[in-house]
Amino acid sequence: KSTGVTLNTESGQITMNNAQLDAGTEVSFTVTNSKIAATDVVVACHGSAGTAGSYLVNANTIASGSFGVTVSNVSAGNLSQAIVINFVALKGASS
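Now for a look at the structure at hand. (Residues numbered from 1 in each chain as written. Predicted model: local features only at pLDDT ≥ 70, side-chain atom pairs only at ≥ 80, totals over all residues. Heavy atoms only, no water.)

**Here we look at the environment of Gln 13**
Tracing the backbone through its elements, the reader meets Gln 13 in strand β2 (residues 11-15). The exposure class of Gln 13 is exposed, given its relative accessible area of 53%. Taking the C-alpha atoms as reference points, Gln 13 and Phe 87, 74 residues apart in sequence, are found 6.3 Å from one another. When neighbours within four sequence positions are excluded, Gln 13 is seen to be in contact with Leu 7, Val 84, Ile 85, Asn 86 and Phe 87. Within the structure, the side chain of Gln 13 is placed 2.9 Å from the side chain of Asn 86, a separation counted as a polar contact. (Helix = DSSP H or I, 4+ residues; strand = E, 2+ residues; numbered from the N terminus. Buried < 20%, exposed > 50% of the residue type's maximum accessible area, 1.4 Å probe, protein only. Contact = heavy atoms within 4.5 Å. Polar contact = N/O pair within 3.5 Å; in protein donor to acceptor, adjacent residues only side chain to side chain.)

If you want it as structure tokens, here you go:
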């Protein structure tokens, strides 16, 4: 689940592989994306597939050309699901 992704769009979907994510653990990966600026706000969520409510998804480490995604298994069991993550970059500016 920690395999990096390249996707050069301001919004989209990322389908993770179905590797096991143990209960109470998290995994992070980098999305390389030429549309992302360091001043953007990236929002990510568990969009579909997998058990609803079992995952927390957040975007982090936003930089020019990339951002990170962390997926946490908040369920009581190990999960091996290929979840789909939705994301959008809200264009920001520094002032």
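Okay, back to it.
**Things to note about the sheet that holds strand β4 (residues 41-48)**
With antiparallel pairing, three strands are arranged side by side in an open sheet as β2-β7-β4. With partners counted over all chains shown, the strands left at the sheet margins are β2 and β4, one partner each. Each strand of the sheet is rotated relative to its neighbour by a mean of 25°, with strand direction disregarded. Pairing analysis gives five bridges linking β2 to strand β7 (residues 84-90), with the strands arranged antiparallel. What sits directly across from Gln 13, in β7, is Asn 86. (Pairing = 2+ DSSP bridges. Axes fitted to C-alpha atoms, helices over the stretch in contact; angles between N-to-C directions.)

The values are spatial; any link to function lies outside them.
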